[in-house]
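# Examination of the molecular architecture
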Amino acid sequence: MSPSSHLARPLRIGMIGAGTVGGGVYELIMNRLGGGNNSGSSTSKSSSPPTPIITKICVRDATKPRDFTIDASTQIVTDVQSILNDSDIDLVVEVAGGVTFAKDAVYASLKSGKSVVTANKALIAENLEEIVDMLNEQNKDTTKRSVKFGYEASVCGGIPIIH
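Keep in mind that what you see is a predicted model, and the values were worked out from it rather than measured.

## Some thoughts on the overall build of the protein chain
Along its length, the protein chain carries four helices and six strands. Seen in sequence order, the protein chain has helices and strands lined up from the N terminus as β-α-β-β-α-β-α-β-α-β. For the protein chain, restricting intrachain contacts to residue pairs at least 6 apart in sequence, the fraction spanning at least 24 positions comes to 64%. Total accessible area computed for the protein chain in this model is approximately 9,300 Å², and 53% of it derives from carbon and sulfur atoms.

## Regarding helix H3 (residues 100-111)
Here H3 contains twelve residues, and its C-alpha end-to-end distance of 17 Å stays within 8% of the 16 Å for a straight helix at 1.5 Å per residue. Looking only at H3, the buried set comprises Ala102, Ala105, Val106, Tyr107, Ser109 and Leu110. Among the structural elements, strand S1 (11-16), helix H2 (81-84), strand S4 (91-94), strand S5 (115-118), helix H4 (121-138) and strand S6 (149-150) are those in contact with the buried residues of H3. Directly beyond the C-terminal end of H3, a positive phi value near 90 degrees is found at Gly113.

## Remarks on the pairing of strand S2 (residues 52-58)
Across a regular strand the side chains alternate sides, sitting on one face of the sheet and then on the other. Extensive coverage of S2 is indicated by the burial of seven of its seven residues. For S1 and S2, the ladder comprises six bridges, and the chain directions are parallel. Paired with Leu11 across the strands is Pro52, a residue of S2. Pairing of S2 with strand S3 (residues 75-77) involves three bridges; the strand directions are parallel. Paired with Ile57 across the strands is Ile76, a residue of S3.

## A few points about the confidence of the model for the protein chain
Averaged over all residues, the pLDDT of the protein chain equals 84, while 80% of them reach at least 70. Overall, residues 1-6 carries pLDDT values under 50, and its contacts beyond four positions in sequence, including any with other chains, amount to four contacts. For the stretch residues 38-44, pLDDT sits under 50, and the model shows 19 contacts to residues farther than four places along the chain or on other chains.

Rules behind the numbers
- Residues numbered from 1 in each chain as written.
- Predicted model: local features only at pLDDT ≥ 70, side-chain atom pairs only at ≥ 80, totals over all residues.
- Heavy atoms only, no water.
- Helix = DSSP H or I, 4+ residues; strand = E, 2+ residues; numbered from the N terminus.
- Contact = heavy atoms within 4.5 Å.
- Areas by Shrake-Rupley, 256 points an atom, 1.4 Å probe, with all protein chains shown as cover.
- Expected span 1.5 Å × (residues − 1).
- Buried < 20%, exposed > 50% of the residue type's maximum accessible area, 1.4 Å probe, protein only.
- Pairing = 2+ DSSP bridges.
- pLDDT = per-residue confidence, 0-100.

Here it is, written out as structure tokens:
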């Protein structure tokens, strides 16, 4: 086997929202976790967790200046469907806040087979039971990749103790 056959595919992330929380998440993933040094392939071995990289960020206004630097490998989009319909995106990170748009985006992500991570307290408080039901329904087919919903960041300051 060639050395490249041992390389894991990066975890490609579509992020919804690029405000204060989104900027912090972006910088953490792209600068500290190696995503910004990643041009589409991971240098980790396949037994290691894949290197995360944010490939798309959905925002309301693409022309608005951001408080953080966006890597050239990250595409800014204004239509959430661009993330939902992108088969290369493995995970959706929702940091837009609010309930209406965020709920629609999270539900559509889960229904399209993409796992979701959110820091949205209001979304969790109002819809957790329905989201759990949706996950149970989505994951009935054991031949498909399991869809997950991470919400630790919405409580306990992100301490990973809940789920």
